[in-house]
Amino acid sequence: MSSKKQFGCDYTIALAGNPNVGKTSIFNNLTGMHQHTGNWPGKTVSNAYGMCEHDGKNFLLVDLPGTYSLMSNSAEEEIARNYICFGNADICVVVVDATCLERNLNLVFQILEMTPNVVVCVNLLDEAKKKSIEIDLDRLSKLLNIPVVGTIANKPKTLKKLLDVIHSTLTDSSKDISSISSPVIYDKQVEDYISLLESDIEDILPSNKKYLSRWIALKMLDENCSINEALKSNLNIDLQDNSVIQEKLIKFKSDLESENLSLSSLRDKIVLNIMTKAEEIRKETCTFADSKYNLKTRKIDKILTSKKFGIPIMLLFLAVIFWITITGANYPSRLLSDFFGFIQGKLLVLFDNLHVPDFWTNILIYRYVSDCYMGCICYAASYGNFLPVIYFT
Ligand SMILES: Nc1nc2c(ncn2[C@@H]2O[C@H](COP(=O)(O)OP(=O)(O)O)[C@@H](O)[C@H]2O)c(=O)[nH]1
Ligand SMILES: [Mg+2]
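Reading the values: rules and limits
Residues numbered from 1 in each chain as written. Chains lettered and ligands numbered in written order. Predicted model: local features only at pLDDT ≥ 70, side-chain atom pairs only at ≥ 80, totals over all residues. Heavy atoms only, no water. Phe/Tyr/Trp six-rings, centres within 6.5 Å; stacked < 30°, edge-to-face > 60°. Buried < 20%, exposed > 50% of the residue type's maximum accessible area, 1.4 Å probe, protein only. Pairing = 2+ DSSP bridges. Helix = DSSP H or I, 4+ residues; strand = E, 2+ residues; numbered from the N terminus. Axes fitted to C-alpha atoms, helices over the stretch in contact; angles between N-to-C directions. Contact = heavy atoms within 4.5 Å. Expected span 1.5 Å × (residues − 1). Salt bridge = Lys/Arg side-chain N within 4 Å of Asp/Glu carboxyl O. 1 Å grid on protein atoms, 1.4 Å probe; cavity = no way out; pocket = protein on both sides within 12 Å on 5 of 7 lines; lining within 4 Å. Points joined across faces, edges and corners; volume = space filled by probe spheres on them. Nonpolar A, V, L, I, M, F, W, Y, C, P; charged D, E, K, R; others polar. Core = buried A, V, L, I, M, F, W, Y, C linked by side-chain atoms within 4.5 Å. Domains from an automatic or database assignment.

## Things to note about the packing of aromatic side chains
Under the counting rule described, the total for this entry stands at five aromatic pairs. Centroid distance Phe 339 to Phe 340: 5.2 Å. Interplanar angle 75 degrees. Geometry classified as edge-to-face. Phe 339 sits in the partly exposed class, given a relative accessible area of 45%. Judged by relative accessible area, which is 11%, Phe 340 ranks as buried.

Listed below in structure tokens is the structure:
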């Protein structure tokens, strides 16, 4: 049963986006629910559903897990990808972080390859303002050819505007879906490959999923991608069974080899085209009042990711972690042990002076103090940073 029927609503809205961009905050503020919000990726690992009412219509909101891409490299990515492609939401709102638009655009492009019903929600505008970043939302909307709304998740006025835009997009009968697509044009080789397969893929897709043909063609370049499984289970389509598509694919690969190229080189080109487009759009839409903003972070990034220093620095970090695991963890462990040994000694003297019976001394001091010691170790370890401490104590 579709979620729309199941929840008896008028429209279904999927909320997608990178982790920590404010999807759950927007979801909670619109639905009045209390899904957990937080600061670490992988926290929302399944879809959360909630209802809200706007202009006399019931909207079902679906808070998707946060993902940086939709390559199905993880459970979160697979859940989000399957919902966007096959969940039949009426609209997908891609929430992006106003303070790092360029990085977030990658996901917007990917989603635009899966569905034309997209609204971009530029959230964290208050944080962007603090960092003196201004975003030209109208220009962004023109460049992407889809509606763009700016929000601050805890400001109801901005969320009302978001719902207004969603509603008007849903009811806009003049919208020409065929004019909406990802703004990324790939290198000629990749585009030639897409045109080779696109129409054959389109032929086997149901009428409401034809839009997916370009994206499926692209995903077929990724040999480890689970696209065939997803198509089999959601649309009952088996690409491997389609001899026309498979033959074209084999011929394309051998042509590529004869040019001394590989599928992975094509995938690299795709990534480069996406990054270049994201940078181009960011340059056209974002202004940094403080030109030195992010300069330090970018300098550090440049060093950490450079070919010359990147690997030695990574090895150095690994060596430090190795040292902490083998030797370093002994120091905090010894400190804790000395501390509790000291307390134990003092308590023993006190209990002796008070003539406390041995039975109680054993329970209260030997047992209780050592439990406290283990408790501290486990508490530290539960924070992850001190995992080696528990490991060696
Ligand atoms: N300042 C500010 N903080 C926000 C905004 N939206 C979300 N946050 C905070 O950002 C963090 C991550 O938000 P969350 O909704 O869990 O992001 P999600 O991972 O995309 O679901 C939380 O601490 C939120 O309180 C916003 O518009 N402005
Ligand atoms: Mg979340």
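## Regarding the sheet that holds strand β4 (residues 91–97)
Reading across from one edge, β2-β3-β1-β4-β5-β7 is the order of the six strands in this open sheet, with mixed pairing throughout. Two strands in the sheet have a free side with no partner beyond their single neighbour: β2 (48–54) and β7 (148–150). When the angles between neighbouring strand axes are averaged without regard to direction, this sheet yields 25 degrees. Summarising the sheet, strand β1 (residues 11–17) and strand β3 (residues 57–63) pair through five bridges and their orientation is parallel. For Ala 14, the partnering residue across the bridge sits in β3 and is Val 62. Strands in contact with helix α2 (residues 23–31) are β1, β2, β3, β4 and β5 (118–123); relative to β2, the strand with the most contacts, it is inclined by about 50 degrees.

## So, helix α3 (residues 75–86)
Counted at 1.5 Å a residue, the expected span for α3 with its twelve residues is 16 Å, and the 16 Å between its end C-alpha atoms agrees. Residues of α3 that are buried include every one of Glu 76, Glu 77, Ala 80, Arg 81, Tyr 83, Ile 84, Cys 85 and Phe 86, and no others. Backbone geometry just downstream of α3 places Asn 88 in the positive-phi region, at approximately 60 degrees.

## Regarding the pattern of salt bridges
According to the stated counting rule, one finds twelve salt bridges in the structure shown. Glu 102 serves as the salt-bridge partner of Arg 282, at 2.7 Å between the closest nitrogen and oxygen. You can see Arg 282 sitting in helix α12 (residues 263–285) and its partner Glu 102 sitting in helix α4 (residues 101–112), a full 180 residues away along the chain. For Glu 102, a relative accessible area of 26% translates into the label partly exposed. Residues Arg 214 and Glu 191 are paired through a salt bridge, measuring 2.9 Å at the closest nitrogen-oxygen approach.

## Focus on the layout of surface pockets
Volume-wise, the largest pocket comes out at about 1,200 Å³. Contributing to the lining of the largest pocket are 35 residues, with Cys 100, Glu 102, Arg 103, Arg 298 and Asp 301 lying nearest its centre. Top contributing element to the lining of the largest pocket by residue count: α12, with seven residues. Looking at the lining of the largest pocket residue by residue, the class counts come to 16 nonpolar, eight polar and eleven charged.

## Focus: the nonpolar core
Judged by nonpolar contacts, the single largest core of 67 residues is most densely connected at Ile 111, Ile 216 and Met 220. Looking at which domains feed residues into this core, each of domain 1 (3–179) and domain 2 (188–261) gives three or more. Ignoring any residue separated from it by four or fewer positions in sequence, one finds Ile 216 in contact with Ile 201, Leu 205, Ile 227, Leu 231 and Leu 239.

## Notes on the pairing of β4
Within β4, seven of the seven residues are buried, which leaves it mostly tucked inside the rest of the structure. Because side chains alternate across β4, one face comprises the buried residues Ile 91, Val 93, Val 95 and Asp 97, and the other comprises Cys 92, Val 94 and Val 96, equally buried. Alignment of β1 against β4, held across five bridges, turns out to be parallel. Residue Leu 15 lies in a different strand from β4, and its bridge partner there is Val 93.

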